[in-house]
Amino acid sequence: MLGLLGGTGPEGKGLGLRFALAGERVMIGSRQRHRAKAAAEELGCGAIGGLNSEVAAKSDPVFVTTPYQGQAETLEPLSDILSDKIVVVTVAPLKFDPSTVSAIHIDAGSAAEEVQQILPNAKVVAAFQTISAIELLNPHVRIESDVVVCSDHLDAKKSIMTLAEKIDSIRAVDAGSLVNAHYVEQITALLLNINREYKTHSSIKITGI
Ligand SMILES: NC(=O)c1ccc[n+]([C@@H]2O[C@H](COP(=O)([O-])OP(=O)(O)OC[C@H]3O[C@@H](n4cnc5c(N)ncnc54)[C@H](OP(=O)(O)O)[C@@H]3O)[C@@H](O)[C@H]2O)c1
C-alpha cells in the first residue's frame, strides 16, 4: 500500500490519483478521518482513507504531502512506526508574496534533510517537488517532466524512481544523495515565479544524460 500523509490537499490527491490509475493501492491520510475518507471517495480507483497514523502503519512507501509548516508536527509522533520504511518528501518550503515566491531557509539544509533528522531510521527520499498538483489531478494531461530524486538510501531511491515512471511520461533522474534535495526545493520557487510570468505550469527536463 502507498500512503499519503496530508493526502487531502491537491498534491496528495494528485499523486494518489496517478498512482491509483497506475495500479497501486493508495491510502489517503489526514488529521481528520472524515476528510481522508471524502478525499479517497473523490479519487475512486479503490483508494481508501484514514488518519495519518493509520496510513503510516499500513503503508510503505509513505509520502509526505503536508505543507512544510505541518511536516514536523505530522512526523514526530510517527517516528517509531515509520522506522525502516521509505518516506518520500514532496515538500518545497516556500513563501508566497504578491510579487515573488521564495524558498524558506531551513536549518537542516532542506525539508527532506529535516525529515531524515526527525525519522533517523526511515529511508528518506526527496522527489516530486516540481510536479504540479493541477496537472497530476487531470488524468488527461501528459506530464512531460523529470522527477529529480535524491536519497542516501540507494535501494529506496531506485524503488521510488521506478514508481515515478509509472506516471505516464515522467522520467526519474537520479540526483545523488539527500544533501542535494535543497537545490530541487529551491528550483521549485523559480518554477512558480516562471508560472506567474507565463500563466502556465512549468516543469524541468534535464538534458545531456
Ligand atoms: N500544490 C502543488 O502544486 C505542489 C507541487 C509540488 C509539491 N508540492 C508540495 O506538496 C505539499 C502539499 O501541497 P498542497 O498544495 O497539497 O498543500 P495543502 O493543500 O496546503 O495541504 C495538504 C494537506 O496537509 C494537511 N495540513 C495542512 N496544514 C497542516 C499542518 N499545519 N499540520 C499537519 N497537516 C496539515 C491538510 O490535511 P488535513 O487537514 O486533512 O489533515 C491539507 O489538506 C507541500 O509541501 C508542497 O510544497 C505541492
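Residues numbered from 1 in each chain as written. Predicted model: local features only at pLDDT ≥ 70, side-chain atom pairs only at ≥ 80, totals over all residues. Heavy atoms only, no water.

Turning next to the site of the ligand. Around the ligand, the surrounding shell holds 22 residues, and the nearest of these are Thr8, Ser30, Arg31, Arg35 and Thr66. Between the ligand and Glu11 there is a distance of 3.0 Å, counted from an oxygen atom to a backbone nitrogen or oxygen. Residue Ala133 places a main-chain N or O atom 3.0 Å away from an oxygen atom belonging to the ligand. Relative to its free-state accessible area of 880 Å², the ligand is covered by the protein chains to the extent of 76%. Counting only elements with at least two residues in the shell around the ligand, the list comes to α1 (10-21) and α4 (68-75). For the shell around the ligand, the element with the highest residue contribution is α4, accounting for three residues. For the shell around the ligand, the class distribution of residues is eight nonpolar, 11 polar and three charged. (Near = heavy atom within 4 Å. Polar contact = N/O pair within 3.5 Å; in protein donor to acceptor, adjacent residues only side chain to side chain. Areas by Shrake-Rupley, 256 points an atom, 1.4 Å probe, with all protein chains shown as cover. Helix = DSSP H or I, 4+ residues; strand = E, 2+ residues; numbered from the N terminus. Nonpolar A, V, L, I, M, F, W, Y, C, P; charged D, E, K, R; others polar.)

To continue, consider the packing of α4 against helix α5 (residues 111-118). Their axes nearest at 10 Å, the elements α4 and α5 cross at an angle of 10 degrees. Judged by the angle between their axes, α4 and α5 are roughly parallel. Residues Tyr68, Gln71, Ala72 and Leu75 of α4 form the contact with α5, whose participating residues are Ala111, Glu114, Val115 and Ile118. Classifying every residue of the contact of α4 with α5 gives six nonpolar, one polar and one charged. (Axes fitted to C-alpha atoms, helices over the stretch in contact; angles between N-to-C directions. Parallel < 35°, antiparallel > 145°, perpendicular 65-115°, else oblique. Contact = heavy atoms within 4.5 Å.)

Another aspect to go through is the side chain of Thr90. You can see Thr90 is positioned in the loop between β5 (86-89) and β6 (94-96). Look at Thr90 and you get buried, because its relative accessible area is 9%. Here the side chain of Thr90 touches Val64 through a polar contact of 2.8 Å, landing on its backbone oxygen. Not counting chain neighbours up to four residues away, the residues in contact with Thr90 comprise Glu11, Leu15, Phe63, Val64, Thr65, Ala127, Phe128 and Gln129. (Buried < 20%, exposed > 50% of the residue type's maximum accessible area, 1.4 Å probe, protein only.)

Spatial relationships are all this shows, so hold off on functional conclusions.
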